[in-house]
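Coordinate inspection notes
As a plain string of letters, each chain reads:
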Amino acid sequence: MSPLLATCHCGAIEIAVDAAPVEVTECNCSLCRRYSVVWAYFDADQLNLPDASLTGTYAWNGRHVDFHRCRTCGCVTHWMPRDASRTRRGLNARLLPPDVMAAARLRHKDGAGSGEYID
């Protein structure tokens, strides 16, 4: 089976994933709400991330996570923890083919409050 590709608007960023996400998360924290992203979470070894020179980053609040965006078109592509011992990564599921995201269960996280899932 071929890997799935998540691509930014201009195509400069391609992120290959081994499998479609079973669930995706919409977070209501101040940053995710403004980015309008839906996250699919993967272990580091499940993603083929682009060369860091192709993305710009932004670190918010505690600066524990770097949010990456395409340097050309500006699409938010993924986030990575700064702590190398953390293996979880977030992929902007909106960059996957629409049918892949539509097939996943949509979860809602109260990132602005309790940090818990609210569904």
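Check the entry above for the structure.
It is worth spelling out the overall build of the chain at this point. Helix and strand content of the chain: two helices and ten strands. Since a compact globule built from 119 residues should have a radius of gyration of about 14 Å, the 14 Å found for the chain is in line with a globular shape. Counting all 119 residues of the chain, 39% fall into the buried class. Taking the intrachain contacts of the chain between residues at least 6 apart in sequence as the baseline, contacts between residues at least 24 apart amount to 52%. If you sum the accessible surface of the chain, you get close to 6800 Å²; carbon and sulfur atoms cover 49% of it. The averaged location of the 13 negative side-chain charges in the chain is 9 Å from the averaged location of its 13 positive side-chain charges.

A full pass over the atoms with the stated rule returns four salt bridges. Salt-bridge contacts for arginine 107 lead to glutamate 23; the nearest nitrogen and oxygen are separated by 3.8 Å. Placement of arginine 107 in strand 10 (residues 105–109) and of glutamate 23 in strand 3 (residues 23–27) is noted, with a sequence separation of 84 residues between them. Aspartate 66 serves as the salt-bridge partner of arginine 82, at 2.9 Å between the closest nitrogen and oxygen. Placement of arginine 82 in the loop between strand 8 (76–81) and strand 9 (88–92) and of aspartate 66 in strand 7 (residues 65–70) is noted, with a sequence separation of 16 residues between them. Note on arginine 82: relative accessible area 47%, which makes it partly exposed. Aspartate 66 gets classed as buried once you look at its relative accessible area, which sits at 17%. Counted as one network, the salt bridges with shared partners bring together Glu23, Arg105, Arg107 and Asp119.

Turning our attention to the packing of aromatic side chains. By the definition in use, this model includes three aromatic pairs. Geometrically, the ring pair formed by tryptophan 39 and phenylalanine 67 is tilted, given 6.1 Å between the ring centres and 45° between the ring planes. Residue tryptophan 39 is located in strand 4 (residues 39–43), and its partner phenylalanine 67 is located in strand 7; the two are separated by 28 residues in the primary sequence. In this pair, the class of tryptophan 39 matches that of phenylalanine 67, namely buried. Taken together, the ring pairs connect Tyr35, Trp39 and Phe67 into an aromatic cluster.

Let us now look at unusual backbone geometry. Although it is not a glycine, serine 36 adopts a positive phi angle of roughly 60°. The topology assignment puts serine 36 in the loop between helix 1 (30–35) and strand 4.

To continue, consider the sheet that holds strand 5 (residues 47–48). Across the sheet, which stays open at both edges, the three strands sit in the order 1-2-5 with antiparallel pairing between neighbours. With partners counted over all chains shown, the strands left at the sheet margins are strand 1 (4–7) and strand 5, one partner each. Pairing geometry for strand 1 and strand 2 (residues 14–17), over four bridges, is antiparallel. Across the sheet, leucine 4 pairs through a bridge with valine 17, a residue of strand 2.

What counts and how
Residues numbered from 1 in each chain as written. Predicted model: local features only at pLDDT ≥ 70, side-chain atom pairs only at ≥ 80, totals over all residues. Heavy atoms only, no water. Helix = DSSP H or I, 4+ residues; strand = E, 2+ residues; numbered from the N terminus. Rg over C-alpha atoms; globule rule 2.2 N^0.38 Å. Buried < 20%, exposed > 50% of the residue type's maximum accessible area, 1.4 Å probe, protein only. Contact = heavy atoms within 4.5 Å. Areas by Shrake-Rupley, 256 points an atom, 1.4 Å probe, with all protein chains shown as cover. Lys, Arg positive; Asp, Glu negative; His and termini not counted. Charge placed at Lys NZ, Arg CZ, Asp CG, Glu CD. Salt bridge = Lys/Arg side-chain N within 4 Å of Asp/Glu carboxyl O. Phe/Tyr/Trp six-rings, centres within 6.5 Å; stacked < 30°, edge-to-face > 60°. Pairing = 2+ DSSP bridges.

Everything listed here is a matter of coordinates, which is why it stays silent on function.
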